[in-house]
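The primary structure of each chain is shown beneath.
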Amino acid sequence: MPVTVRFAPSPTGNIHIGNARTALFNWLFAMNNAGNFVQRFDDTDQARSKQEYADAILYDLHWLGIFQDSIEYQSKRFELYNDAVDKLKRAGQLYACYETPAELDLRRKVRRTRGLPPVYGREALSLSHSQIAEYEAEGRKPHWRFMLPNFPEDPMQPERTEVSWNDLVRGEETIDLASLSDPILIREDGTFLYTLPSVTDDIDMGITHVIRGDDHVTNTGVQIALFQALGAEPPEFGHHNLLTAASGEALSKRTGALSIAGLREAGLEPMTIASLAVLTGTSENVVPAASMSELANLFDLSATSKSAAKFDPDDLKTLNRDLLRQMPFREAQDRLSALDIFSEKAEPFWLAVRGNLDKLSDAADWWRIVEQGPDTLPDLSDDDKSFVREAFDMLPPEPWDRDTFKTWIGAVKEKTERKGKALYEPIRLALTGLQSGPELADLLPLLGPAGIQARRP
Ligand code: GLU
């Protein structure tokens, strides 16, 4: 069976860097195993789910470099879930319950005072026909629970029943089904909770590996039981640690914290975000991978830590600078063109400035400086002005290359007896209007003799 994974967000908001971690873990796992990646939108909650969010999620994922083999919406698959419901009902594994939340609450309290675990006691199983008729006459609608297989014969006598799996991240995990309430699969209003559609789809879509956040570990025992009740072999599971900002605050789709859209607008590169999202909280150093295949080589589910993956959002900025510093021209070329940077100078320009950018679009500022001169006239002392003029008079004839600067500055140094900051800074200021920036050796050939004389103070 080919490896098949899925990323299954609810389209109820924009995805953030923590959701991207889950998507990327699945994508890289598929890449490393020649597998398929299914995009599934868990949109059974039709009141909160919106197509515009689904579209925005697809846009964000494509921008990051994730390309789905198929895209599915749970809202179009209710027939399948109803078939699963029928199957469970026929097998007596799905039963109607009529308790109100207040009644359930009271029951839990009573159980606690008796020293019993606060799980649902399956009281609905002993309802008589007349009680059910009474409830229905009152207008009560049932919700439906899945009967966990945690008893040898009598469901009212559950016994310790271990469900185990070898988690791809966490190793051996065990859950006692007797420690859980029978989960509600269908609400009073007939809508599905997440569990049944998810398991039904995982079966129908041939999902071989469920890779998701460790906030789902406790659901897995129930889900394994449900896979088996529906006659399927459970897939493998891997639960990764969740990304949290250094403050420890959880990321949320609703608050929009660190959304992919926001990070994109801030000018971060997709591979910056992908590298941080994947490598934080693993045994690898967080370095900017230049491509998805480079990141895939660094990715190993079993090398992911079990504790929270904390990161400082400021690290994104540093990583982005590091990534741009190494970005080859061919990769930047189209985006530079879009910034009107496309002459034969574009490549040497890129190589000169790429080490000085917080974001790629900052290249436009340097292009303006190179093409048109400093944004603000440098404030040079009279002494520095005459020094710069003298230096400009000593410029060698063309052709110029990267070594021209070295020869020239050597001669200037000897003649004027200036050195260090006093030698370099007035020249840099005259040429760029700024105190720091690309290597002067790279800037010189870009400006050319005419460009430099135009900057004569
Ligand atoms: N829709 C669920 C979520 O976003 C999917 C969980 C899962 O991967 O099973 O949490």
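Residues numbered from 1 in each chain as written. Predicted model: local features only at pLDDT ≥ 70, side-chain atom pairs only at ≥ 80, totals over all residues. Heavy atoms only, no water.

Visitor: Describe the overall build of the protein, naming the residues involved and giving the relevant values.
Guide: Secondary structure summary: the protein contains 18 helices and twelve strands in total. Along the longest, intermediate and shortest principal axes, the C-alpha atoms of the protein span 105 × 45 × 40 Å. Looking at the protein as a whole, 47% of its 457 residues are labelled buried. Of the roughly 22300 Å² of accessible surface on the protein, 49% is carried by carbon and sulfur atoms. Mean positive and mean negative side-chain charge positions of the protein (50 and 70 charges, respectively) differ by 3 Å. (Helix = DSSP H or I, 4+ residues; strand = E, 2+ residues; numbered from the N terminus. Buried < 20%, exposed > 50% of the residue type's maximum accessible area, 1.4 Å probe, protein only. Areas by Shrake-Rupley, 256 points an atom, 1.4 Å probe, with all protein chains shown as cover. Lys, Arg positive; Asp, Glu negative; His and termini not counted. Charge placed at Lys NZ, Arg CZ, Asp CG, Glu CD.)

Visitor: Break down the pairing of strand β6 (residues 162-167) for me, with residues and values.
Guide: A one-sided burial pattern is seen for β6, the buried positions being Val163, Trp165 and Asp167 and the unburied ones Glu162, Ser164 and Asn166. Pairing of β6 with strand β7 (residues 171-176), which is carried by six bridges, proceeds in the antiparallel orientation. Of the residues in β7, the one forming a bridge with Val163 is Ile175. Hairpin connection from β6 to β7: three residues lie between these consecutive antiparallel strands. (Pairing = 2+ DSSP bridges.)

Visitor: Lay out the pairing of strand β10 (residues 236-240) with the relevant residues and their values.
Guide: With four of five residues buried, β10 is to be regarded as a mostly interior element. Bridge analysis of strand β9 (residues 209-213) against β10 gives five bridges, and the strand direction is parallel. Looking at the pairing, Ile211 lines up with Gly238 of β10. For the segment spanning β9, helix α7 (residues 217-229) and β10, crossover handedness is right-handed. (Right-handed = clockwise from strand over helix to strand, strands pointing away.)

Visitor: Describe the site of the ligand, naming the residues involved and giving the relevant values.
Guide: Every residue near the ligand is listed here: Arg6, Ala8, Pro9, Ser10, Asp42, Tyr194, Arg212 and His216. For the ligand, an oxygen atom lies 2.8 Å from a polar atom in the side chain of Arg212. Out of a free accessible area of 300 Å², the ligand has 79% covered by protein chains. Within the shell around the ligand, the residues separate by chemical class into three nonpolar, two polar and three charged. (Near = heavy atom within 4 Å. Polar contact = N/O pair within 3.5 Å; in protein donor to acceptor, adjacent residues only side chain to side chain. Nonpolar A, V, L, I, M, F, W, Y, C, P; charged D, E, K, R; others polar.)

Visitor: Can you tell me about the sheet that holds strand β5 (residues 143-146), naming the residues and giving the values?
Guide: Strand order in the open sheet formed by three strands is β4-β5-β8, with antiparallel pairing between adjacent strands. Of all the strands in the sheet, just β4 (94-97) and β8 (184-186) have a single pairing partner and so form its edges. Sheet twist, expressed as the mean angle between neighbouring strand axes with direction ignored, is 45 degrees. By the bridge criterion, two bridges tie β5 to β8 in an arrangement that is antiparallel. Paired with Trp144 across the bridge in β8 is Ile186. (Axes fitted to C-alpha atoms, helices over the stretch in contact; angles between N-to-C directions.)

Visitor: Can you break down the nonpolar core residue by residue, with the values?
Guide: With 48 residues, the main nonpolar core has Ile17, Leu24, Leu28, Val278, Met292 and Leu295 as its most contacted residues. With nine residues, the top contributor of residues to this core is helix α1 (residues 17-32). Once you skip the residues sitting within four places of it in the chain, Leu24 turns out to touch Phe29, Ile66, Ala274, Ala277, Val278 and Met292. Grouped together as the second largest cluster of nonpolar side chains are 41 residues, Met327, Leu336, Ala346 and Leu440 included. (Core = buried A, V, L, I, M, F, W, Y, C linked by side-chain atoms within 4.5 Å. Contact = heavy atoms within 4.5 Å.)

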